[in-house]
Structure formats: structure tokens, C-alpha cells
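# Topology and contacts: notes
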Amino acid sequence: MEKETPLNIRADLGYTDEEVIQIIDKVTSKLSYKFTFGCYTYDDIKQEATIIALEGLDAYNPDMPLENFLWVHVKNRLCNLKRKKFIRLDKPCLNCPLK
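Because the structure is a prediction, the values reported are computed rather than measured.

A separate point is the packing of helix H1 (residues 17–32) against helix H3 (residues 66–85). Put simply, H1 and H3 touch, their axes get as near as 10 Å, and they point 45° apart. One finds that H1 runs oblique with respect to H3. Here H1 runs over H3; the crossing is right-handed. Residues Val20, Ile23, Ile24, Lys26, Val27, Lys30 and Leu31 of H1 lie in contact with H3, whose contacting residues are Leu66, Glu67, Leu70, Trp71, Val74, Lys75 and Leu78. By residue class, the composition of the contact of H1 with H3 is ten nonpolar, no polar and four charged.

So, in C-alpha cells, the structure goes:
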């Protein structure tokens, strides 16, 4: 019977649980302030980014650095989140030629 880790982090990553958590914290801390918008604060985005990073570990290829993989994965997913959730409160110009 295999020993499960507390967070169910894949054992073949080549990192300990503590190292994975430190890398996730480093990546999410750096990216979170760039993606705050509307009612989403730094802490909200950091929580979302942490969940995204943990979910992304299943797709990780151990041949590349974990930090680089998580940076790209989390950044792309946060871009998608912001695109999906961002609502413009200002109405577009009614006199614009590009209607």
C-alpha cells in the first residue's frame, strides 16, 4: 500500500511536499498582484492561483523545472479567469465609428 501525502501531491515529481508548497507560494505571490481586478483582491487571486497550481501538478512533466511550469500554467489560467470574470462598468461610446 502506497503512503499518501497530505495534499496528494504526486510522488514522482522529484520534490518534497514542502518544496512544492514553497514553489507554489513563490509563483502565486509574484503573479497575484498583477491579476487583481474589480472585487478580486490580492488574497482572492492568490487563493485561486494556489488551487490552479495544485490542479496543474497532474500535467507536470518532471523533465522541466517545476517553477517554470507552474509560472506559465498559473499565468495562463489567471488570464483566462480575468477574461471570463472581468466586467466593464462603463458603457462604450455611442458616437464611436466602430460600433
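Looking now at the nonpolar core. For soluble globular proteins, nonpolar side chains are generally found buried alongside one another. One finds Leu57, Leu66, Leu70, Val74 and Leu78 to be the most contacted residues of the largest nonpolar core, which totals 20 residues. Every element with two or more residues in this core is listed here: H1, helix H2 (42–56) and H3. The element that contributes the greatest number of residues to this core is H3, accounting for six residues. Once you skip the residues sitting within four places of it in the chain, leucine 70 turns out to touch Ile23, Ile24, Val27, Ala53, Leu57 and Lys75.

Applying the stated rule across the entire model yields three salt bridges. Put simply, lysine 46 and aspartate 25 hold a salt bridge, and the shortest N to O gap is 2.7 Å. Of this pair, lysine 46 sits in helix H2 while aspartate 25 is found in helix H1, placing the two residues 21 residues apart along the sequence. Two residues, glutamate 67 and lysine 26, come together in a salt bridge whose shortest N-O distance is 3.4 Å.

For H2, which comprises 15 residues, the first-to-last C-alpha distance of 21 Å matches the rise-based estimate of 21 Å (1.5 Å per residue) to within 8%. All of the buried residues in H2 are Ile45, Lys46, Ala49, Ile52, Ala53 and Gly56. Taken end-on, H2 shows its buried residues confined to a sector of 125°, consistent with a single buried face. Along its buried surface, H2 packs onto H1 and H3.

Rules used in this analysis
Residues numbered from 1 in each chain as written. Predicted model: local features only at pLDDT ≥ 70, side-chain atom pairs only at ≥ 80, totals over all residues. Heavy atoms only, no water. Axes fitted to C-alpha atoms, helices over the stretch in contact; angles between N-to-C directions. Helix = DSSP H or I, 4+ residues; strand = E, 2+ residues; numbered from the N terminus. Parallel < 35°, antiparallel > 145°, perpendicular 65-115°, else oblique. Left-handed = near helix turned anticlockwise from the far one by under 90°. Contact = heavy atoms within 4.5 Å. Nonpolar A, V, L, I, M, F, W, Y, C, P; charged D, E, K, R; others polar. Core = buried A, V, L, I, M, F, W, Y, C linked by side-chain atoms within 4.5 Å. Buried < 20%, exposed > 50% of the residue type's maximum accessible area, 1.4 Å probe, protein only. Salt bridge = Lys/Arg side-chain N within 4 Å of Asp/Glu carboxyl O. Expected span 1.5 Å × (residues − 1). Arc of directions from axis to C-beta.

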